[in-house]
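Architecture and fold: a report
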Amino acid sequence: MDLFTWLSRRPVAALEAPILLGAQARLPARLLAVKVPSAVAEQRRRRLRQEARRQGRTPGKRTLALAAWTLLVTNVPVDLLSIEEALVLRRARWQIELLFKLWKSLGRLDESRSAHPWRQLSELYARVAGAARTTLAAGALVLAGSRWQLAPSGWSPSNAMPPRWPSPWDALLVWKS
């Protein structure tokens, strides 16, 4: 059975199912599907039609029908990531992509001043720790307990962190408190 048929037979607004990805490897994963409001579905269909028109084609019936769903695939177990949390992370996806781009360019994660593997690993850990501190100061995501959440609306770096860190250990103490 194909995805379109399977979803059309489900009257619920959100569902998840175990799936296997890949032609040969068959990796276990979870399919998360959330029905979007009709206004959002219509906006998606409008964009699909505009893009298809630019390319000189028309979107298929199934493509237009699937615009009513947000589909996510993950290998994170259900006890670590609920559907709601996956949607929060999806909304933050662009910020996460920009964060990784920043880390790779400014953090120089792919560079090392040494040919020794252990020194390279130490440099990588130090750069990732520095990037994480910068991320926390920027307020992109806040780790609350063991769950990811978007930063609260009143949160800002200025009221969460001191203006200058005396040492990296002070940063860890503030983070733990």
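Every value quoted in this text rests on a predicted model; they were computed, and no experiment measured them.

The 3 strands are arranged β1-β2-β3 in an open sheet whose pairing can be described as antiparallel. Two strands lie at the open edges of the sheet, namely β1 (14-21) and β3 (69-74), each paired on one side alone. The sheet shows a mean angle of 25 degrees between the axes of neighbouring strands, direction not considered. Looking at chain direction, β1 and strand β2 (residues 27-35) are connected through 8 bridges and run antiparallel. Considered in β2, the bridge of Leu21 is made with Leu27. Along the sheet face, helix α4 (residues 83-91) touches β1, β2 and β3 and points at about 95 degrees away from the line of β3.

Another point: the packing of α4 against helix α5 (residues 93-105). Between α4 and α5, whose axes approach to 4 Å, the crossing angle comes to 55 degrees. Classified by the angle between their axes, α4 and α5 sit oblique to one another. Counting all contacts with α4, which are made through Leu89, Arg90 and Arg91, the residues of α5 involved are Arg93, Gln95 and Ile96. Grouping the amino acids of the contact of α4 with α5 by side-chain chemistry returns 2 nonpolar, 1 polar and 3 charged.

Procedures and definitions
- Residues numbered from 1 in each chain as written.
- Predicted model: local features only at pLDDT ≥ 70, side-chain atom pairs only at ≥ 80, totals over all residues.
- Heavy atoms only, no water.
- Pairing = 2+ DSSP bridges.
- Helix = DSSP H or I, 4+ residues; strand = E, 2+ residues; numbered from the N terminus.
- Axes fitted to C-alpha atoms, helices over the stretch in contact; angles between N-to-C directions.
- Contact = heavy atoms within 4.5 Å.
- Parallel < 35°, antiparallel > 145°, perpendicular 65-115°, else oblique.
- Nonpolar A, V, L, I, M, F, W, Y, C, P; charged D, E, K, R; others polar.

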